[in-house]
Amino acid sequence: MGISQRYCSALGFFLLISVGAWAENPHHPSPVFHAFWLEAQHGGGSEGGITDIELDGWIGGDTHKLWLKTDIKQHKGALQESEFWAMYSRNVSEFWDFQTGIRLDTQPDSTGYFTLGVNGLAPYFLKTQAHLFVSDYGDITARLKQSTHLLVTQRVGIEPYYRLEMAAQRVARQALGRGLTNGRLGVRFNYEITREWSPYVDFRYDWKFGGTSSIANNNDERRDHFTLSLGVALMF
């Protein structure tokens, strides 16, 4: 069975889990809601023109959800990274969901991942996403993202954020060393025109750690870069 068949089957499995969970009480079924956030931004910096498009959201009830994510990055007009996620998400406490599912990357190489993690609100209002990935090659990696939103006025906000990525082993085909591999530190300034529509300015700094930095240096690639972008965030 090819990779696309395997992951289409897995996606169908998680769809069945989610639908079954929503219908677990036929006499008092939970209402089905949805919430999606779409962010699109374009900018440039030390690596040239970069476009990012990210869709993140869910369909379901208070306890059981089907969580979907898409993350696409273009560099100088060429597709550089693309991720597609589908996860079963279960609320396990007031501010936290446990999640499990699949992630399929088509760029920079075609790789599927079993995904396990949490999504929620940490102390000090830190929006947190932490996930562990096991690829179909057996590689183990992880990603942690945290951000918070600070209001300056009723419409103007500042959102500092960071992202860390790790690998349990060296992954030669992806030019990753063992341990901490990549980091991102950024800040976003947004103006909320309406609750559903918010343009923003984003500044971020990306860098590579340890073995990953050494691999980039040996390949005559940059080990760090900054990006300044203009974007818009939509909620629906």
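This report concerns the structure included in the present document. (Residues numbered from 1 in each chain as written. Predicted model: local features only at pLDDT ≥ 70, side-chain atom pairs only at ≥ 80, totals over all residues. Heavy atoms only, no water.)

So, on to the side chain of Gln 146. Mapped onto the elements of the fold, Gln 146 is located in strand β8 (residues 140-147). For Gln 146, the side chain forms a polar contact with the side chain of Thr 128, separated by 2.9 Å. There is a polar contact of 2.5 Å between the side chain of Gln 146 and the side chain of Tyr 162. Residues within four places of Gln 146 in sequence aside, it is in contact with Ala 122, Leu 126, Lys 127, Thr 128, Pro 160, Tyr 161 and Tyr 162. (Helix = DSSP H or I, 4+ residues; strand = E, 2+ residues; numbered from the N terminus. Polar contact = N/O pair within 3.5 Å; in protein donor to acceptor, adjacent residues only side chain to side chain. Contact = heavy atoms within 4.5 Å.)

Aromatic rings considered in pairs are described by the distance between their centres and by the relative angle of their planes. A complete count under the given rule lists six aromatic pairs for this structure. Aromatic side chains Tyr 113 and Phe 133 sit 6.0 Å apart centroid to centroid with 70° between the ring planes, which places their arrangement in the edge-to-face category. Residue Tyr 113 is found in strand β6 (residues 111-122), and its partner Phe 133 is found in strand β7 (residues 126-135); the two are separated by 20 residues along the sequence. Accessibility assignment for this pair places Tyr 113 and Phe 133 in one class, buried. Connected via pairs of aromatic rings, a cluster forms that spans Trp 85, Tyr 113 and Phe 133. Taking NZ or CZ as reference, Lys 69 lies 5.1 Å from the ring centre of Trp 85, over its face. Note that Arg 173 overlies the ring of Tyr 137, its terminal NZ or CZ placed 3.8 Å from the centroid. (Phe/Tyr/Trp six-rings, centres within 6.5 Å; stacked < 30°, edge-to-face > 60°. Buried < 20%, exposed > 50% of the residue type's maximum accessible area, 1.4 Å probe, protein only. Lys NZ or Arg CZ within 6 Å of the ring centre and 35° of its normal.)

Per the stated rule, a full pass over the model turns up 17 salt bridges. Asp 56 is paired through a salt bridge with Lys 69; the nearest N and O atoms lie 3.5 Å apart. Highlighted residues: Asp 56 in strand β2 (residues 50-60) and Lys 69 in strand β3 (residues 64-75), separated in sequence by 13 residues. The exposure class of Asp 56 is buried, given its relative accessible area of 9%. Since its relative accessible area comes to 9%, Lys 69 is described here as buried. A salt bridge links Glu 165 to Arg 143; its shortest N-O distance comes to 3.2 Å. Linking Glu 165 in strand β10 (residues 156-167) with Arg 143 in strand β8, this pair joins segments that are 22 residues apart in sequence. Bridged by salt links that share partners, the residues Glu 39, Asp 52, Arg 184, Arg 188, Asp 202, Arg 204 and Asp 206 form one connected network. (Salt bridge = Lys/Arg side-chain N within 4 Å of Asp/Glu carboxyl O.)

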